[in-house]
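An overview of the molecular structure
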Amino acid sequence: MSTRTRPDSVTFSDLSRNPRAVAERASMLGRVRVTHRDAPDFYLTAADREERRDETLATASRIFIALMKHDPGARELLLAMPDVFPWVRHLSTEEVRAFTVELVEALSDAVELDLDTSLNEVVAGWRATARIKADPEQHEEAVRPTSGDFGPVEVIP
């Protein structure tokens, strides 16, 4: 194994040279990060560990959805949001409620549809909104009416 990597990581070369040792290490540690110089890193994880993580996420998601269906639970969830996301103080009460609903729905999508990206997109979008609202000049510019054609929109896949 390479001595240049963290204890819980191996290089892609280590994996290709000695896959059995890397698999044993992943089994012992639960997961091992595989670093690659020319590509994104990835994790080698035991399937049963990943299945337990999925079950945990599913349970948490279902609890949050159940809380959102009952007003007292929804209030408690809304009260907890500033502890988890301090920047929500720049959002209105209605915006915090909308963010909470979108977040819970994205958690559900992560579990039920195996769609992890929407959760990050929801948080990033609301954080950007809070950032703009925190700066009075940016907020004023953002809400100013616009007119005209701003040209073609670049779509990034």
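Residues numbered from 1 in each chain as written. Predicted model: local features only at pLDDT ≥ 70, side-chain atom pairs only at ≥ 80, totals over all residues. Heavy atoms only, no water.

By the naming in an unreviewed UniProt entry, the chain is Prevent-host-death family protein, taken from Actinomadura coerulea.

**Comments concerning the sheet that holds strand β2 (residues 31-35)**
Selection rule: At least two bridges found by DSSP between two strands is the condition for calling them paired. Where helices and strands are cited, they refer to DSSP runs of H or I of at least four residues and of E of at least two residues respectively, numbered from the N terminus. Between the N-to-C directions of two axes lies an angle of 0 to 180 degrees, each axis being a line fitted to C-alpha atoms and, for a helix, fitted only over the stretch in contact.
On the basis of which strands lie adjacent, the open sheet formed by three strands has the order β1-β2-β3 and mixed pairing. Of all the strands in the sheet, just β1 (9-11) and β3 (42-45) have a single pairing partner and so form its edges. Taken pair by pair, the neighbouring strands of this sheet meet at an average axis angle of 35°, ignoring direction. Relative to β3, β2 runs antiparallel, the two sharing four bridges. By the bridge assignment, Val-32 is partnered in β3 with Leu-44.

**Some remarks on the pairing of β2**
When a strand is regular, its side chains alternate between the sheet's two faces. Note the cut-off: Here's how the labels work: a residue is buried when its accessible area is under 20% of the maximum for its type, exposed when over 50%, partly exposed in between, all with a 1.4 Å probe on protein chains only.
With burial as the criterion, only one face of β2 is covered, namely that bearing Val-32 and Val-34; the residues Arg-31, Arg-33 and Thr-35 on the opposite face remain uncovered. Two strands pair when backbone bridges link them, and β1 and β2 are joined in this way by three bridges, in the parallel orientation. Bridge assignment links Val-10 to a residue of β2, and that residue is Val-34. Counted along the chain from β2 to the antiparallel partner β3, the turn is six residues long.

**Quick word on helix α2 (residues 19-29)**
Within an α-helix, residues lying three or four positions from one another point in the same direction, as the helix has 3.6 residues per turn. This is how the line gets drawn: The arc under discussion is defined with respect to the helix axis, by the directions toward the C-beta atoms. Every residue pair with non-hydrogen atoms within 4.5 Å of one another is taken to be in contact.
Taken together, the buried positions of α2 are occupied by Val-22, Arg-25 and Ala-26. Each buried residue of α2 sits inside an arc of 100° when the element is viewed along its axis, so together they form one side. Across α2 from its buried face, at more than 90 degrees, point the exposed residues Arg-20, Glu-24, Ser-27 and Met-28. Against the buried residues of α2 lie β1, α1 (12-17), β2 and β3. Following α2 by one or two positions, Gly-30 has its phi on the positive side, about 100°.

**Section: the pattern of salt bridges**
Rule in force here: Criterion for a salt bridge: a side-chain nitrogen of Lys or Arg within 4 Å of a carboxyl oxygen of Asp or Glu.
In this structure the tally under the stated criterion is seven salt bridges. Between Arg-33 and Asp-41 there is a salt bridge whose closest N-O contact spans 2.9 Å. Residue Arg-33 is classed as partly exposed on the basis of its relative accessible area of 25%. A relative accessible area of 33% means that Asp-41 is categorised as partly exposed. Two residues, Glu-140 and Arg-144, come together in a salt bridge whose shortest N-O distance is 3.7 Å. In this structure Arg-144 comes out as partly exposed when scored by relative accessible area, which is 46%.

**Quick word on a negative patch on the surface**
Spelled out, the test is: Residues enter patches when they are more than 30% accessible in relative terms and free of salt bridges; like-charged ones are connected within 9 Å and nonpolar ones (Val, Leu, Ile, Met, Phe, Trp, Tyr) within 5 Å. Calculation of accessible area relied on Shrake-Rupley with a 1.4 Å probe; when residues are assessed, cover is drawn exclusively from the protein chains displayed. Only four residue types enter the charge count, namely Lys and Arg as positive and Asp and Glu as negative; His and the chain termini do not. Lysine's charge is taken at NZ, arginine's at CZ, aspartate's at CG and glutamate's at CD.
There is a patch of like negative charges on the surface, built from Glu-50, Glu-51, Asp-54, Glu-55, Asp-114 and Asp-116. Here Asp-54 lies in helix α3 (residues 47-69).

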